[in-house]
Amino acid sequence: MGMGFVWRGVSAVMLAGVLAAVTPSAANADDTECGARQTLVRIDQKVCPANDRRPAIVRERACCEKANGSVRCGHMPHCPRNSPS
């Protein structure tokens, strides 16, 4: 167990960090994608206003058409609360 073991551990940690940064978050992907055998019709957007501590945030949801022609939209995520602390 020499320096080779240490370098392999460091490179594995660095690779995991790079992959995590490139991969989109699961929460964001679920809100803007359709399920199996569904077609994306539109993506609705809502802008949450900026406050003193953060910039404006854009929330999105997908509206999907099923095979029978009905269109359903996913849940629109809420805007974050204005925290007094």
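One can find the structure itself at the top, above this paragraph.
Within each chain, residues carry numbers counting from 1 in the order of the written sequence. Local features are withheld for residues below a pLDDT of 70 in this predicted model, meaning they are given only at 70 or higher, and side-chain atom pairs are given and counted only at 80 or more; totals for whole chains, interfaces and linings count all residues. The side-chain numbers reported here are obtained from all heavy atoms of the structure, hydrogens and water having been left aside.

*Asks:* Looking at this model, I keep getting lost on the overall build of the protein. Mind explaining?
*Replies:* Tallying secondary structure elements over the protein gives two helices and three strands in all. Helix and strand definitions here come from DSSP, where helices need a minimum of 4 consecutive H or I residues and strands a minimum of 2 consecutive E residues; each element is numbered from the N-terminal end. Listed by position from the N terminus, the elements making up the protein come as α-α-β-β-β. Think of it in three bands: residues with accessible area under 20% of the maximum for their type are buried, residues over 50% are exposed, and the middle band is partly exposed, with areas taken using a 1.4 Å probe on protein chains only. Here the protein holds 85 residues, and the buried ones make up 11% of them. Contact definition: two residues touch when any of their heavy atoms are within 4.5 Å. A separation threshold of at least 6 residues defines the contact pool for the protein, and within that pool the share at least 24 residues apart is 41%. Each accessible area is a Shrake-Rupley estimate made with a 1.4 Å probe; only the visible protein chains count as cover when residues are assessed. For the protein, the accessible area works out to roughly 7,000 Å², and carbon and sulfur atoms hold 59% of it.

*Asks:* Explain the side chain of Asp44 here, please?
*Replies:* When you line up the elements, Asp44 lands in strand β1 (residues 39-48). For Asp44, a relative accessible area of 18% puts it in the buried group. Within polar-contact distance, the side chain of Asp44 engages the side chain of Arg42 at 3.0 Å. Every residue in contact with Asp44, bar those within four places of it in the chain, is listed here: Arg59, Glu60, Arg61, Cys63, Cys73 and Met76. Think of a polar contact as two N or O atoms within 3.5 Å of one another; within protein, one of them needs to be a possible hydrogen donor and the other a possible acceptor, and neighboring residues in sequence only count if both atoms come from side chains.

*Asks:* Is there a simple way to think about the state of the cysteines in this case?
*Replies:* Where two cysteines share a covalent bond between their sulfur atoms, that bond is called a disulfide. The disulfide definition used here is simple: a pair of cysteine sulfur atoms within 2.5 Å. Following the criterion strictly, the structure yields three disulfides and no others. Each sulfur in the disulfide pair Cys34 and Cys64 lies 2.0 Å from the other. Across the S-S bond of Cys34 and Cys64 the torsion is about -90 degrees, and the bridge reads as left-handed. Taken together, the residues Cys34 in the loop between α2 (26-31) and β1 and Cys64 in strand β2 (residues 57-65) connect sequence positions 30 residues apart. Using a relative accessible area of 25% as the deciding quantity, one classes Cys34 as partly exposed. What makes Cys64 buried here is its relative accessible area of 7%. Of note for the protein: the bonded cysteines, numbered N- to C-terminal, pair according to 1-4, 2-6, 3-5.

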